[in-house]
Amino acid sequence: MPRRTNSGTTGTDDARKRPSVGSVRRAQQITTYGVGGLLAVADQSYIVSGLDTWDVTGEPDLRDQRLEPILQVSGFRRPPAARVPTGRGVRVRRFPDTYSCPECKALKAFRHLSAGPDSNRCARCSTLLVPSRFMVACEDGHLDEFPYWAWVHADPERKSGAPTSCSRATAELTLETDGRTSSLRSVVIICSCGKKASMDGAFGEKALVRRGLRCHGTRPWLGRDAAERDCSRPPQTLQRGSSAAWFAELRSALSIPPWHTELMELVEADRKHLVGKSDERIAEFAEDEGWLRPGGFSLSQVLRTVRTLENANRPEPTPDDEDEIRFAAGELLRQEEYEQLRKVTEDTPENKHFVCEPPKDRGPSDIPGVGHVMQVKRLREVRALTGFTRIRPSQGSKADRARVGSLSKNPDLGWLPAIDVVGEGVFLTLDQTRLRQWESAVHPTESDRIRRMRAAHEAMLREQGWEKPHSPLTSRFVLLHTLAHVLINEWSLDCGYPAASLRERLYVNDEMCGVLLYTATSDSAGSLGGIVARGEIAQLSRSLLSALERASWCSSDPLCMEADANGVNGLNLAACHACVLLPETSCEMNNTFLDRAHLVGAHDEGFLGYFDPWSTLGG
């Protein structure tokens, strides 16, 4: 699917003829190899070009009336599928442009080193070339070649400038690796003027700044002329395959009433022929399209759906306080979904994208501590790529949104890449009365658990430049998030689903405490019916009890349970890969803010877990 283009081209006939360099799935084009992300194909390296260069001709539009007003777009486009014979698809550019030859050790731009524009062999010795292992990036999303010449000639003590006897334009660089150790000290850059320097220390946070090197604001995914001037962020060295090189900024929404029906999908696809038109014109169009045929839709249904679309509220995004961090679990989109997931939406032919019903065996056998349980037999999720960050993921604040990388040069493009996936799931809430009693009970000991996690979160925010950060983390959030993880782990063992095909969707604020555990994948694992069956009360009770028993002990205990901090930046407590952590695609919080003690308690500390009485008594 990805197709190479010259840096700076935007869809010319010559570029259209270039061959495909590889293929990735549509879902990967917004989660792993999106715009601005690096793509390794065989022995070469590319960066995915901006949306301006994407060939989306003929691709179906994707609409979602809940996401569009928030993201301020008029629709979404699915990433192009592979079209190798025509050469159409997502364009990529070579990056990094600096390559080295393992045989003759030369280190220079690809066009000066290769035997030809499409050859990856050294012109001097015919050895396969290797793309540069190192590059530089800044927190504003800029990306650039590693400045090898400047690194060799810069004075670490800043006592003198670069020597006038050596010119960047005429200097010949070589990359030597003695192979005696795997450390950066063994990687040495040598200039033809005699100067040399190892890569030791290049990854320090201020290593480049101390040598007088700054960010040039380059954005290679948008072309050579797309640099932003006067970037004040310090550049940092990254390895080409580093996970810190690209963090996707995704927004998603479930298709819920009234946007979930097959008729609404048809109306949205032809909205330009329907919205704002008279009843007579709408009736004529519906008749021509075959919507009113016997067994189809009635005219009143069509008119009602069109008017619903016309009257849809398009709220303007509310400005956020720059010093306030918010979790997506409490946003307006989630509140709407939370209310709908607690209602019954019957399985009828009209309800194409959303069916939500209570379990058949509900009644006196309800699970202690659990409130509502709903089986979501059919759901559709739209996931849109809104941008990306580098070095560190966004925390969702106004300041972080300002550093999200642009997907195109044109700010008025009007669309974003997105995919829609279908699946099934189980929605459950915690009993509000029991929850408030537990929160009151654990409040005196918060300093031992949740305040420790909140302090670690705020310490991380301060390191990132926040002056007075306030973490929104609560015991309720940690409890629900950890519960989601242990259930996903249990279901992956119990009903054969790989954990990576299951996802969590949290609904947490002062009024909400629920979680949707679902399959929403692009393969057959999304609609096999096995997860819905876990929503029967008897099945869920057994799964939850088994999950709590597993959570009460970890093979890393007592170190895991008694740890003062776990995970990245110490944002977890009793949570590790042996007990609670999930594949990154399953967790919307990047495996942070987890603690088993919130479920089963930490008796040595006197900390009461939410399910502690039930697990102790065995149900």
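Residues numbered from 1 in each chain as written. Predicted model: local features only at pLDDT ≥ 70, side-chain atom pairs only at ≥ 80, totals over all residues. Heavy atoms only, no water.

J.: Just to check I follow, could you spell out helix H15 (residues 475–494) for this structure?
T.: For an α-helix, the turn length of 3.6 residues means that residues three or four places apart are oriented alike. Look at H15: 28 Å from first C-alpha to last across 20 residues, which is about the 28 Å you get at 1.5 Å a residue. Extensive coverage of H15 is indicated by the burial of 18 of its 20 residues. Phi for Gly 496, located one or two positions after H15, is positive at around 85°. (Helix = DSSP H or I, 4+ residues; strand = E, 2+ residues; numbered from the N terminus. Expected span 1.5 Å × (residues − 1). Buried < 20%, exposed > 50% of the residue type's maximum accessible area, 1.4 Å probe, protein only.)

J.: It is not clear to me how the packing of helix H7 (residues 262–269) against helix H10 (residues 299–310) should be interpreted in this structure. Could you clarify?
T.: The relative placement of two packed helices comes down to the angle between their axes together with the axis-to-axis distance. As a packed pair, H7 and H10 sit with axes 10 Å apart at the nearest point and diverge in direction by 60°. Here H10 runs oblique to H7, going by the angle between their axes. Judged by the sense of rotation from one axis to the other, the crossing of H7 with H10 is right-handed. Contact residues: Leu 263, Met 264, Val 267 and Glu 268 in H7; Gln 301, Val 302, Thr 305, Val 306, Thr 308 and Leu 309 in H10. Broken down by class, the residue content of the contact of H7 with H10 amounts to six nonpolar, three polar and one charged. (Axes fitted to C-alpha atoms, helices over the stretch in contact; angles between N-to-C directions. Parallel < 35°, antiparallel > 145°, perpendicular 65-115°, else oblique. Left-handed = near helix turned anticlockwise from the far one by under 90°. Contact = heavy atoms within 4.5 Å. Nonpolar A, V, L, I, M, F, W, Y, C, P; charged D, E, K, R; others polar.)

J.: What am I meant to see in unusual backbone geometry here?
T.: Note: most peptide bonds trans; most residues except glycine with negative phi. Here the bond from Phe 95 into Pro 96 is cis, since omega is -5°, no more than 30 degrees from zero. Relative to the helices and strands, Pro 96 resides in the loop between strand S6 (91–94) and strand S7 (98–100). In this model, Asp 557 is joined to Pro 558 through a cis peptide bond whose omega is 5°. With respect to the helices and strands, the residue Pro 558 is situated in the loop between helix H17 (537–551) and helix H18 (559–562). In the Ramachandran plot, Lys 105 falls in the positive-phi region, its phi being about 70° despite a non-glycine side chain. Structurally, Lys 105 can be placed in the loop between S7 and strand S8 (106–109).

J.: Would you explain the packing of H15 against H17 in this entry?
T.: The interhelical angle for the contact between H15 and H17, taken along N-to-C directions, is 110°, at an axis separation of 9 Å. Judged by the inter-axis angle, H15 sits roughly perpendicular to H17. Facing H15, whose interface residues are Leu 483, Val 486, Leu 487, Glu 490, Trp 491, Leu 493 and Asp 494, H17 presents Leu 540, Ser 543, Leu 544, Ser 546, Ala 547, Arg 550 and Ala 551. In terms of residue class, the contact of H15 with H17 is made up of nine nonpolar, two polar and three charged.

J.: Which parts of the structure should I look at to understand the nonpolar core?
T.: Considering soluble globular proteins, one finds that nonpolar side chains tend to be buried as a cluster. Counting 67 residues, the largest nonpolar core has Leu 430, Phe 477, Leu 483 and Leu 506 as its most contacted members. If one sorts the elements of this core by residue count, H15 sits on top with 10 residues. Ignoring sequence-local partners within four residues, the contact set of Leu 506 consists of Ala 329, Arg 334, Phe 477, Leu 480, His 481, Ala 484, Gly 514, Val 515, Glu 588 and Met 589. If you look at the next biggest cluster of nonpolar residues, it comprises 59 residues, including Ala 226, Ile 391, Trp 415 and Ile 419. (Core = buried A, V, L, I, M, F, W, Y, C linked by side-chain atoms within 4.5 Å.)

J.: Please explain the confidence of the model for the chain as it appears in this structure.
T.: Reading predicted coordinates in detail is not appropriate for stretches of low pLDDT. Considering every residue of the chain, the mean pLDDT works out to 84; 87% of them sit at 70 or more. Low pLDDT (under 50) marks residues 6–16, which in the prediction has 23 contacts with non-local residues, meaning those over four places away or in another chain. This model gives residues 615–619 a pLDDT under 50, and the stretch forms two contacts once residues within four places in sequence are excluded. (pLDDT = per-residue confidence, 0-100.)

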